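Each chain, written out:
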Amino acid sequence: MKKFYSFNRALGISLVFLIFFNSAKAQTYAENGMVVSDNVIASQVGVDILKKGGNAVDAAIATAFALEVTHPEAGNIGGGGFMVFLNSAGDVTTFDFREKAPLAASPTMFLDENGKIKDNSNHKGLLAVGVPGTVAGLYLAHQKYGKLPWADLVKPSVELAKKGFTMSWGLYNAAVSVSDRDPSEDIMKDYFHGENGEIVKPGETWKQPALAKTLKLIQKHGRDGFYKGEVAQEIEDYMKANGGIITKEDLEKYEAVEREPLKGSFNGYDIYSMPPPSSGGVALIEMMNLMEEANISEIEFNSTAYVHLVAEAMRRGFADRAEFLGDPDFNLDMPLDKLLSKDFAKKRFENINMKKASISDPAQYGHPYDGTNTTHFSVVDKDGNAISMTYTLENSYGVKMGSSKLGFIFNNEMGDFNPVPGETTTTGQIGSNPNLVAPEKRMLSSMTPTIVTKDGKPYLVIGSPGGRTIINTVFQTVLNVLAYDMRIDRAIEAMKIHHQWLPDRLLYEQNLLSPDTRDTLEKMGHTLIPTTNIGVLMGITYDASKKLYTGASDSSSEDGGVRAY
Ligand code: GLY
């Protein structure tokens, strides 16, 4: 009865809220800059920084901290991610702040005496937590390319956490669902609760005093506010008390890394994306190269030939991902030049049979588990600087544990390592060497923050959450814009498929693929699985002739939105 009452009350309040905040999901235009994220409050924080004279890097940092407060299922300081940065001169760089395995980690740390994964421990409980990288990554990006003082970028989030913000319907639903938790998960005990002891309702103000205190320390001390001092001490104490292995030494040793981007091309456009330890850029560029081999202008969007070809490109991209990729600091012989070359794509393309599905062979390669929740945002400024950033806690609300003294949730990113050395299964778990656990190693990711340029200017800034589906969601959206000339909102909303080599099945967004096409694809040997939604894209395009940015957020993001300047 109480639940029913809360539901109706919540619905009433949230309807007003949604009409006000969430009315536009189509295109938005801007001349001076734009932020597109999974939460409109965070997008506004970023745009306010642009208005104060900040550049895209500053706005991205402020947006990232704000998402920790307003979109805690994936926005984070307890996880990690990747940033791609295009500057106004046309130069591109990237920041890797992927989590690392703790010093006490080992390749068999998740196994019982029979060599089986013990109690899902690579996803559940504090052994699943990687050493967080987000604060180090944002701080490094700021030191290298920021314009406004660091304290000014963290300040809006300190205020948001302290004074609170209006609980949305989407966040409330998630709060109810994760608070009805497995008793082994603490989700910081009464994280979502107000002073009356109940979960804060939509339309009411949600305050996070513990998080405000942690953010204040980061605001004052920068990187050291998280990796040293009282926050580091509390992380170590909390880990020790609850079965975790992360220590102050792990935190102190963590370093974010600036890396050269991967560069590919498609029909005259340049594609920049993330190198390993994300697999996203390699797979995206390899698949775009395969599509360049096809006569795409003669293949109708959403036709049988389109779905088949795109699925076969995905199958090959994911097989190579599984065989070769891992942390570059541990895998010095990854054949990146080969995987990214047009010659390799030509050979890979030759064995695509346009009449028949290929077979994925688990005896050769496979694919690791990836979580499904992550968040992406895109930022541009008046000078043509652009940021594409994806970061994550791995699963929605990560490991669903954290110290209530610190007010943030830890990731469960250790689940992205190959958990059982040598064991590859048809369900998609693999055991190949490049991505086995080792102390201080970064686990392989699928995050694919991407910037496409034309003549050195931003053309498309794009990315998505979605675990393994990220790569394919970004791939199809880039293809939609570059090959099918779709507007950004249509490219984002258009039908998506997902094939990841293993398991050998083709997911498609139901109701968006005709029965005839499905029937033919099945006859060609594809195993089709309907799904409701693939990806939550946040994208911006730039029209250099009109000097105009156009942004769109995926309609599947309940609180997401574009804010323009
Ligand atoms: N945890 C999802 C990814 O990194 O791909």
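About the thresholds
Residues numbered from 1 in each chain as written. Predicted model: local features only at pLDDT ≥ 70, side-chain atom pairs only at ≥ 80, totals over all residues. Heavy atoms only, no water. Salt bridge = Lys/Arg side-chain N within 4 Å of Asp/Glu carboxyl O. Buried < 20%, exposed > 50% of the residue type's maximum accessible area, 1.4 Å probe, protein only. Helix = DSSP H or I, 4+ residues; strand = E, 2+ residues; numbered from the N terminus. Polar contact = N/O pair within 3.5 Å; in protein donor to acceptor, adjacent residues only side chain to side chain. Contact = heavy atoms within 4.5 Å. Pairing = 2+ DSSP bridges. Axes fitted to C-alpha atoms, helices over the stretch in contact; angles between N-to-C directions. Left-handed = near helix turned anticlockwise from the far one by under 90°. Nonpolar A, V, L, I, M, F, W, Y, C, P; charged D, E, K, R; others polar.

Comments concerning the pattern of salt bridges
Opposite charge on two side chains lets them pair, provided their charged atoms get close.
Stage number 1. Taken as a whole and judged by the stated rule, the model has 27 salt bridges.
Stage number 2. A salt bridge links Lys 201 to Glu 198, with the nearest nitrogen and oxygen atoms 2.7 Å apart.
Stage number 3. Given the relative accessible area of 4%, Lys 201 is considered buried.
Stage number 4. As a salt-bridge pair, Lys 523 and Asp 519 come within 2.9 Å of each other at their nearest N and O atoms.

Things to note about the side chain of Asn 472
Stage number 1. Counting through the fold element by element, Asn 472 comes out in helix α15 (residues 469-482).
Stage number 2. Among the polar contacts made by the side chain of Asn 472, one reaches the side chain of His 498 at a distance of 2.8 Å.
Stage number 3. Setting aside anything within four residues of it in sequence, one finds Asn 472 in contact with Met 287, Met 314, Phe 318, Ile 497, His 498 and His 499.

Digging into unusual backbone geometry
Stage number 1. In this structure, Pro 277 follows Pro 276 across a cis peptide bond, with omega equal to 20°.
Stage number 2. Note the cis peptide between Leu 502 and Pro 503, where omega equals -5°.
Stage number 3. With respect to the helices, strands and loops of the structure, Pro 503 is situated in the loop between β14 (497-498) and β15 (506-509).
Stage number 4. With phi around 65°, Tyr 397 is a residue other than glycine that occupies positive phi space.
Stage number 5. Within the secondary structure, Tyr 397 is located in the loop between β11 (386-394) and β12 (450-454).
Stage number 6. On the basis of relative accessible area, Tyr 397 is assigned to the buried category, the value being 1%.
Stage number 7. Notably, Lys 400 is not glycine yet its phi reads approximately 60°, a positive angle.
Stage number 8. Inspection of the secondary structure puts Lys 400 in the loop between β11 and β12.

Things to note about the sheet that holds strand β13 (residues 457-462)
Stage number 1. Across the sheet, which stays open at both edges, the seven strands sit in the order β1-β18-β17-β13-β12-β9-β8 with antiparallel pairing between neighbours. The open sheet terminates on both sides in strands that have one partner only, identified here as β1 (28-30) and β8 (262-266). Averaged over all pairs of adjacent strands, the angle between strand axes in this sheet comes to 25°, irrespective of strand direction.
Stage number 2. With two bridges connecting them, β13 and strand β17 (residues 538-543) associate as antiparallel partners. Looking across to β17, one finds that Val 461 is bridged to Ile 540.
Stage number 3. Packed on one face of the sheet, helix α11 (residues 280-293) meets β8, β9 (269-273) and β12 and runs near 20° to β8.
Stage number 4. Against the sheet, α15 engages β8, β9, β12 and β13, with an angle of about 140° to β13.

Things to note about the packing of α11 against helix α14 (residues 342-350)
Stage number 1. Contact geometry for α11 and α14: axes closest at 8 Å, N-to-C directions at 65°. The crossing of α11 and α14 is right-handed. Contact residues: Glu 286, Asn 289, Leu 290, Glu 292 and Glu 293 in α11; Lys 342, Phe 344, Ala 345, Lys 346, Arg 348 and Phe 349 in α14.
Stage number 2. Residue composition of the contact of α11 with α14, by class: four nonpolar, one polar and six charged.

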